[in-house]
Amino acid sequence: DAGVTQSPTHLIKTRGQQVTLRCSPKSGHDTVSWYQQALGQGPQFIFQYYEEEERQRGNFPDRFSGHQFPNYSSELNVNALLLGDSALYLCASSDGTSGEQFFGPGTRLTVL
Amino acid sequence: ILNVEQSPQSLHVQEGDSTNFTCSFPSSNFYALHWYRWETAKSPEALFVMTLNGDEKKKGRISATLNTKEGYSYLYIKGSQPEDSATYLCASPLFSGGTSYGKLTFGQGTILTVHP
């Protein structure tokens, strides 16, 4: 079992561009959550996908959107990038029953 | 308390020392408390999920206790080793309608450095 995987590992973009990050959940998991971790802070919840629908959303603007595919993998899209979007983006998967979330290694996004 | 908070922010100990740190969370509408260990360049690793007041869990030299009435959890490491160096995060599914599958609210983490 590969666990939760994310791609790419690192990404550099410029202000105003758009970015797509990808996540494959742990085998048997159907729920994917995305978190943003800025330097010196704990991860902040962006949103969660279940059955291809956004189930919960944190305090992030509409520039942050997502998608879940029938195979439960997920994408996080960020439009009109700002310098403040520079962060580590973590994906976590769960099976919706135990509540335990398993995390991927993250994608480091740098916005110049 | 309205959020999840951790203390101290960082901790330096010598190999062999025992150490502990604190996670505070809202005591009302409590559902669960998660502890994670996060080593640099790796994925956060789940240590414990705790749900019952008075719960005590153990994994090797690491143990955790939970007090839901006063809203805190302690994580203990006995006989710290350099490989225990990591950021330790706690999280709780606050404001999720009492469900554990909802969003996790994390503390800012405690960075532990164990010196040989």
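Remember, it's a predicted structure, so these values are computed and weren't measured experimentally.

A separate point is unusual backbone geometry. A cis amide bond links A:Ser7 with the next residue in sequence, A:Pro8, at an omega value of -10°. Secondary-structure assignment places A:Pro8 in the loop between strand 1 (5-7) and strand 2 (10-13). That bond from B:Ser7 to B:Pro8 is cis: its omega, -5°, falls within 30 degrees of zero. Tracing the chain through its elements places B:Pro8 in the loop between strand 1 (5-7) and strand 2 (10-14). If you check the backbone angles, A:Glu51 has positive phi at about 50° while not being a glycine. As for its placement among the helices and strands, A:Glu51 is situated in the loop between strand 5 (44-50) and strand 6 (53-57).

Evaluation of the coordinates by the stated rule reveals 2 disulfides over all chains. Here A:Cys23 is linked by a disulfide to A:Cys91, with a sulfur-sulfur distance of 1.7 Å. With the S-S dihedral at roughly -55°, the linkage between A:Cys23 and A:Cys91 falls on the left-handed side. Placement of A:Cys23 in strand 3 (residues 19-24) and of A:Cys91 in strand 9 (residues 87-94) is noted, with a sequence separation of 68 residues between them. Assigned by exposure class, A:Cys23 and A:Cys91 land together as buried. Paired by a disulfide, B:Cys23 and B:Cys90 hold their sulfur atoms 2.0 Å apart. Disulfide B:Cys23 to B:Cys90: torsion about the S-S bond roughly 85°, handedness right-handed. Linking B:Cys23 in strand 3 (residues 19-24) with B:Cys90 in strand 9 (residues 86-92), this pair joins segments that are 67 residues apart in sequence. You'll find B:Cys23 and B:Cys90 in the same group, each marked buried.

A word on the sheet that holds strand 3 of chain B. Residue and element names in this part refer to chain B. Read from one edge of the open sheet, 5 strands run 1-3-8-7-6, paired in antiparallel fashion. Edge positions in the sheet fall to strand 1 and strand 6 (56-59), since each of these pairs with one other strand and no more. The average undirected angle you get between the axes of adjacent strands in this sheet is 15°. Two elements, strand 3 and strand 8 (residues 72-77), share 6 bridges in a ladder whose sense is antiparallel. Paired with Thr22 across the strands is Tyr74, a residue of strand 8.

Within the largest apolar cluster, 23 residues are counted, with the highest numbers of intra-cluster contacts made by B:Phe21, B:Leu33, B:Trp35, B:Phe48, B:Leu75, B:Tyr88 and B:Leu112. Looking at this core, the elements that each hand over two or more residues are strand 2, strand 3, strand 4 (33-38), strand 5 (45-50), strand 7 (62-67), strand 8, strand 9 and strand 11 (110-115) of chain B. Listed in part, the 20 residues of the second largest apolar core include A:Val4, A:Cys23, A:Ile46 and A:Tyr89.

Conventions adopted
- Residues numbered from 1 in each chain as written.
- Chains lettered and ligands numbered in written order.
- Predicted model: local features only at pLDDT ≥ 70, side-chain atom pairs only at ≥ 80, totals over all residues.
- Heavy atoms only, no water.
- Helix = DSSP H or I, 4+ residues; strand = E, 2+ residues; numbered from the N terminus.
- Disulfide = S-S within 2.5 Å.
- Buried < 20%, exposed > 50% of the residue type's maximum accessible area, 1.4 Å probe, protein only.
- Pairing = 2+ DSSP bridges.
- Axes fitted to C-alpha atoms, helices over the stretch in contact; angles between N-to-C directions.
- Core = buried A, V, L, I, M, F, W, Y, C linked by side-chain atoms within 4.5 Å.

Keep in mind these numbers describe shape, not what the thing actually does.
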